[in-house]
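In case you want the letters, here they are:
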Amino acid sequence: MLGASLRAVGRLCSVPSGICRGGGRSRSRSIGLFSAASSTNPVLLPPLSTTITPPTFRSSSSVSHYSDSQTDAFSRRDTNAYSAFELALDSVVKVFTVSSSPSYLLPWQNKSQREMMGSGFVIPGKRILTNAHVVADHTFVLVRKHGSPTKYRAEIQAIGHECDLAILVVESEEFWEGMNFLELGGIPFLQESVAVVGYPQGGDNISVTKGVVSRVEPTQYVHGATQLMAIQIDAAINPGNSGGPAIMGNSVAGVAFQNLSGAENIGYIIPVPVIKHFISGIEETGKYVGFCSLGLSCQPTENNQLRTHFQMRPEMTGVLVSKINPLSDAHRVLKKDDIIFAFDGVPIANDGTVPFRNRERITFDHLVSMKKPNETAQLKVLRDGEEHEFSVTLQPLQPLVPVHQFDKLPSYFIFAGLVFVPLTQPYLHEYGEDWYNTSPRRLCEHALRELPTRPGQQLVILSQVLMDDINAGYERLSELQVKKVNGVEIENLKHLSQMVENCRSESLRFDLDDERVIVLNYESAKIATCRILKRHRIPSSISRDLIVEKHNSSSAEEELACLG
């Protein structure tokens, strides 16, 4: 992001119960894996790596711009902890989740299940709002209301991993007896007090902690690896608080979701504009719609010589376009070295910020992120000394290498013991907490720097070789990108699998990175595939999402033969 320093926001505040696996479940572009804290033996979580390429801008049009006279009219609202507790008693619930994450090294199987606990609260429409990381990769979810010994089955209605929010529904009418919903408020001002209500570690009953607002600005969301607005508070947010409300007055100011590793009493809550964007998208479309992006990487123009070179007048401010995502609508109208000096009529400063409330400033990517999909934005641009105005349609954009893959099984394709998978950051996370330094350098660079050039594009890699006579001598070619199959450049893993299955030549050739080549006798390789699958107890040579529906195809018959 432009001009924003990425702090090591170190942990998500949900509690694993019992013995958990050593690695946590962060799927962050800029932050590595982190350890989860035990509910009985709390530990200080390690700080997360912040060695990354700056992500592209994200922003929002719903920021209120207040003048000094307007802000003087606002009186500071004080939050009484006891009043917040009374308000939340019949609204805040404890969430119990059983989850099972997939293995990306052995993509045909899951890791052992684990139990997590977090918080949530009731919102209008008989729904429960909580954090996405509390229920990510869930297999079973229960909720319990305050003062009740009974746990009720809950289902996930919608989940947004980028904004770390999820909506739960409970069918039992008994659960809803006596429950009240909480109203969403606004963005608190600096030094206004809030009370965080939830079920943190250290006990089983509801807990309330009080603090004040320290900062409001875009922050790295650890779970979703995105840069969205967040509110920093000095109230203690501990494992188990995740999903609980931060109450200001008689309404909700945000949802507790993470804290800062290595620091005391620095916690973060998701603000109401992000929550409303998440909920409104679901209500309008029936599903999570995501957060829009311009698809740009921009550079500040604070250096006078840089500004002079690009013919910026002394009174003109803006940011320099350095990279454009080819799949974005901005690629149609913008060019490298353009200067963007206004977004929807809001002037952009040389450091990439825009006015926000009482003498506060916020990076302009917040203006973009609050836009709804297919909405347009007006950009004022300086190009070769001339001013232009362009209209750009905004959409959520997916990176070439996915940052997270929650709630879905990994894709894979096995042929002759060669295991092909698409490159994802969760795959790199399997190399450990220090994955940025321990994973293959070339794959890591692909993940952090490359942009897609066409829809549906994937980087396919040979993740490992299941040894057999058919592939002896190829075992050292794992962890390389697959470029071509029989001379045809591959688009994604599904394309690769179709080309292998439809091969009509005697030999099958794979061209890999570093000019490496694999050649197999096609008929011998097909026979060997069944043998290798049985030896390794692998149920299928292809993941479900790649199977093409062909009721009478020979490939389907061969698949069944291998499973027999």
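Fair warning: this is a prediction, and the values are worked out from it, not measured in the lab.

### A word on the pattern of salt bridges
In step 1: Applying the stated criterion across every chain, the model contains 23 salt bridges.
In step 2: The partner of Arg-449 in a salt bridge is Glu-445, with the nearest N and O atoms 2.5 Å apart. Remark: Glu-445 and Arg-449 occur in helix H11 (residues 441–449); sequence separation between them is four residues, near one turn of the helix.
In step 3: Residue class for Arg-449 comes out partly exposed when judged on its relative accessible area of 43%.
In step 4: Residue Glu-445 is classed as partly exposed on the basis of its relative accessible area, which comes to 26%.
In step 5: Across the salt bridge formed by Asp-468 and Arg-531, the nearest N and O atoms sit 2.7 Å from each other. Taken as a pair, Asp-468 in the loop between strand S26 (460–465) and strand S27 (480–485) and Arg-531 in helix H13 (residues 522–535) lie far apart in primary sequence, 63 residues in all.
In step 6: Overall, the relative accessible area of 8% leaves Asp-468 in the buried class.

### A few points about the packing of aromatic side chains
In step 1: Inspection of the entire model under this criterion finds 11 aromatic pairs.
In step 2: Taking 6.5 Å as the distance between ring centres and 20° as the angle between the ring planes, the aromatic pair formed by Phe-413 and Phe-420 counts as stacked. Accessibility classification places Phe-413 together with Phe-420 in one group, the buried group.
In step 3: Arranged with centres 5.1 Å apart and planes meeting at 35°, the rings of Phe-420 and Phe-510 form a pair that is tilted. Of this pair, Phe-420 sits in strand S25 (residues 418–422) while Phe-510 sits in strand S29 (residues 507–512), and the two are 90 residues apart along the sequence.
In step 4: Phe-510 sits in the buried class, given a relative accessible area of 0%.
In step 5: Over the face of the ring belonging to Phe-175 we find Lys-145, whose NZ or CZ atom lies 5.8 Å from the ring centre.
In step 6: In this structure, Lys-151 is placed above the aromatic ring of Phe-96, and the distance from its NZ or CZ to the ring centre is 4.0 Å.

### Re the pairing of strand S17 (residues 319–324)
In step 1: Inspection of the sheet shows strand S16 (residues 296–300) paired to S17 by five bridges, in the antiparallel sense. By the bridge assignment, Pro-300 is partnered in S17 with Val-319.

### Re the nonpolar core
In step 1: Core analysis: the biggest nonpolar cluster contains 74 residues, and Leu-334 and Phe-343 have the highest contact counts within it.
In step 2: In this view, Leu-334 contacts Leu-296, Ile-324, Ile-340, Leu-379, Val-381, Arg-383 and Phe-390; residues no more than four positions away in its chain are not counted.
In step 3: With 28 residues, the next largest nonpolar core counts Leu-462, Val-465, Ile-490 and Met-499 among its residues.

### Observations concerning the pairing of strand S10 (residues 193–198)
Regular strands have side chains that alternate between both faces of the sheet.
In step 1: Burial analysis of S10 places six of its six residues in the buried class, the great majority of the element.
In step 2: Taking every second residue as pointing to the same face, both faces of S10 are buried, with Ser-193, Ala-195 and Val-197 on one and Val-194, Val-196 and Gly-198 on the other.
In step 3: Sheet topology places S10 next to strand S11 (residues 207–221); six bridges connect them, and they run antiparallel. Looking at S11, one finds that Val-196 is bridged to Thr-209.

### Some thoughts on the confidence of the model for the protein chain
In step 1: In the predicted model, the protein chain carries a mean pLDDT of 83, and the fraction of residues at 70 or more is 83%.
In step 2: pLDDT under 50 marks residues 1–9. Its contacts with residues more than four places away, or in other chains, come to 41 contacts.

What counts, and at which threshold
- Residues numbered from 1 in each chain as written.
- Predicted model: local features only at pLDDT ≥ 70, side-chain atom pairs only at ≥ 80, totals over all residues.
- Heavy atoms only, no water.
- Salt bridge = Lys/Arg side-chain N within 4 Å of Asp/Glu carboxyl O.
- Helix = DSSP H or I, 4+ residues; strand = E, 2+ residues; numbered from the N terminus.
- Buried < 20%, exposed > 50% of the residue type's maximum accessible area, 1.4 Å probe, protein only.
- Phe/Tyr/Trp six-rings, centres within 6.5 Å; stacked < 30°, edge-to-face > 60°.
- Lys NZ or Arg CZ within 6 Å of the ring centre and 35° of its normal.
- Pairing = 2+ DSSP bridges.
- Core = buried A, V, L, I, M, F, W, Y, C linked by side-chain atoms within 4.5 Å.
- Contact = heavy atoms within 4.5 Å.
- pLDDT = per-residue confidence, 0-100.

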